[in-house]
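Residue-level structural notes
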Amino acid sequence: MTKRVVLVAAVARNGVIGNGPDIPWHVPGEQAGFKELTMGDVLVMGRTTYESIGRPLPGRSTIVLTRDRGWSAEGVRVAHSFTDALALATTLPGDVSVVGGGQVYAAAMPFAKEQVISEIDLEPEGDVFYPDFDRRQWIEKHREHHEGYDRVFWVRG
């Protein structure tokens, strides 16, 4: 069974998605939209992203990608490659929502059929970036304007 793989990210104008384990902005309403988009899905995230959240998010299954073979956390599944995470996801209900960080987005990009990007209208300091993607391979399907950000829905062309 093939799962729909969707990259879900908030990206500043300068490509920043994080500063260490932190998101370098607070935009009211953006995280509520994230919850709505991912509810019922399998979240795939890196260990640093998971540890910044600190717990599994309610209403969603969580798979954490890490190179550390000894790492574990209560209530989550662990994978050591994106393809392993996809194999685990096939055993769980819902689509696959890839939610960070930068290395995980880059690993998932070839598998993604959709991206939902909140374009944050800021240029903060940061050391984690969303991977570049060839926009000629993607079609902007829908754009929602919100205060402080646009949420853009992309599909692979």
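Residues numbered from 1 in each chain as written. Predicted model: local features only at pLDDT ≥ 70, side-chain atom pairs only at ≥ 80, totals over all residues. Heavy atoms only, no water.

Just so we agree on the cut-off: UniProt positions are given in the numbering used here, feature names are shortened, and annotations may be inferred rather than shown by experiment.
Under the annotation held in an unreviewed UniProt entry, the protein chain carries the name Dihydrofolate reductase and is attributed to Nocardioides flavescens. Under Sequence similarities (unreviewed entry), UniProt gives the following word-for-word description of the protein chain: "Belongs to the dihydrofolate reductase family." Per UniProt, the protein chain carries the Pathway (unreviewed entry) text "Cofactor biosynthesis; tetrahydrofolate biosynthesis; 5,6,7,8-tetrahydrofolate from 7,8-dihydrofolate: step 1/1."

**Description of the overall build of the protein chain**
Note the threshold: Runs of E in the DSSP output that reach at least two residues are strands. Runs of H or I that reach at least four are helices, and both are numbered from the N terminus. In this setup the radius of gyration rests on C-alpha atoms only. A globule is expected at 2.2 Å times the number of residues raised to 0.38. For every residue, the accessible area (1.4 Å probe, protein chains only) is compared with the maximum for its type, and the residue is labelled buried under 20%, exposed over 50%, or partly exposed between those bounds. Residue contacts are counted whenever heavy atoms from the two residues lie within 4.5 Å of one another. Only four residue types enter the tally: Lys and Arg on the positive side, Asp and Glu on the negative side; His and the chain ends are excluded. A charge is said to be at NZ when it belongs to Lys, at CZ for Arg, at CG for Asp and at CD for Glu.
Within the protein chain, the secondary structure is distributed over four helices and ten strands. Listing each helix as α and each strand as β along the protein chain from the N terminus yields β-β-α-β-α-β-β-α-β-α-β-β-β-β. Taken against the 2.2 N^0.38 rule, which gives 15 Å for 157 residues, the C-alpha radius of gyration of the protein chain at 15 Å falls within 12% of a compact globule. On the principal axes, the C-alpha backbone points of the protein chain span a range of 40 × 30 × 25 Å. The buried share of the protein chain, taken over its 157 residues, is 45%. Considering only contacts in the protein chain between residues 6 or more positions apart, those separated by 24 or more positions represent 61%. Once the 17 positive and 21 negative side-chain charges of the protein chain are each reduced to a mean point, those two points are 7 Å apart.

**Details of the sheet that holds strand 4 (residues 61-65)**
The condition is simple: Criterion used throughout: strands pair if DSSP finds at least two bridges between them. Geometry is summarised by axes, namely lines fitted to C-alpha atoms with helices restricted to the contacting stretch, and by angles between N-to-C directions that run from 0 to 180 degrees.
What the eight strands build is an open sheet, ordered 5-4-3-6-1-7-10-9; its pairing is mixed. Both outer strands of the open sheet, strand 5 (77-79) and strand 9 (138-146), are each paired with one neighbouring strand and no more. Mean inter-strand twist for the sheet, computed between neighbouring axes without regard to direction, equals 25°. As defined by bridge partners, strand 3 (residues 42-46) adjoins strand 4 across five bridges and the pair is classed as parallel. The residue bridging V42 from the neighbouring strand is S61, located in strand 4. Most of the contacts of helix 1 (residues 30-38) go to strand 10 (residues 149-156), to which it runs at about 30°, and overall it touches strand 1 (5-12), strand 3, strand 6 (96-98), strand 7 (114-120) and strand 10.

**Quick look at the nonpolar core**
Rules: In plain words, nonpolar cores are sets of buried Ala, Val, Leu, Ile, Met, Phe, Trp, Tyr and Cys residues tied together by side-chain atoms within 4.5 Å.
Within the largest apolar cluster, 28 residues are counted, with the highest numbers of intra-cluster contacts made by L7, V44, I63, F82, V98 and Y130. If you list the elements that add at least two residues to this core, you get strand 1, strand 3, strand 4, helix 3 (82-89), strand 6, helix 4 (102-108) and strand 10. The contacts of V44, once residues within four sequence positions are left out, are I63, L65, F82, A85, V96, S97, V98, V99, G100 and V104.

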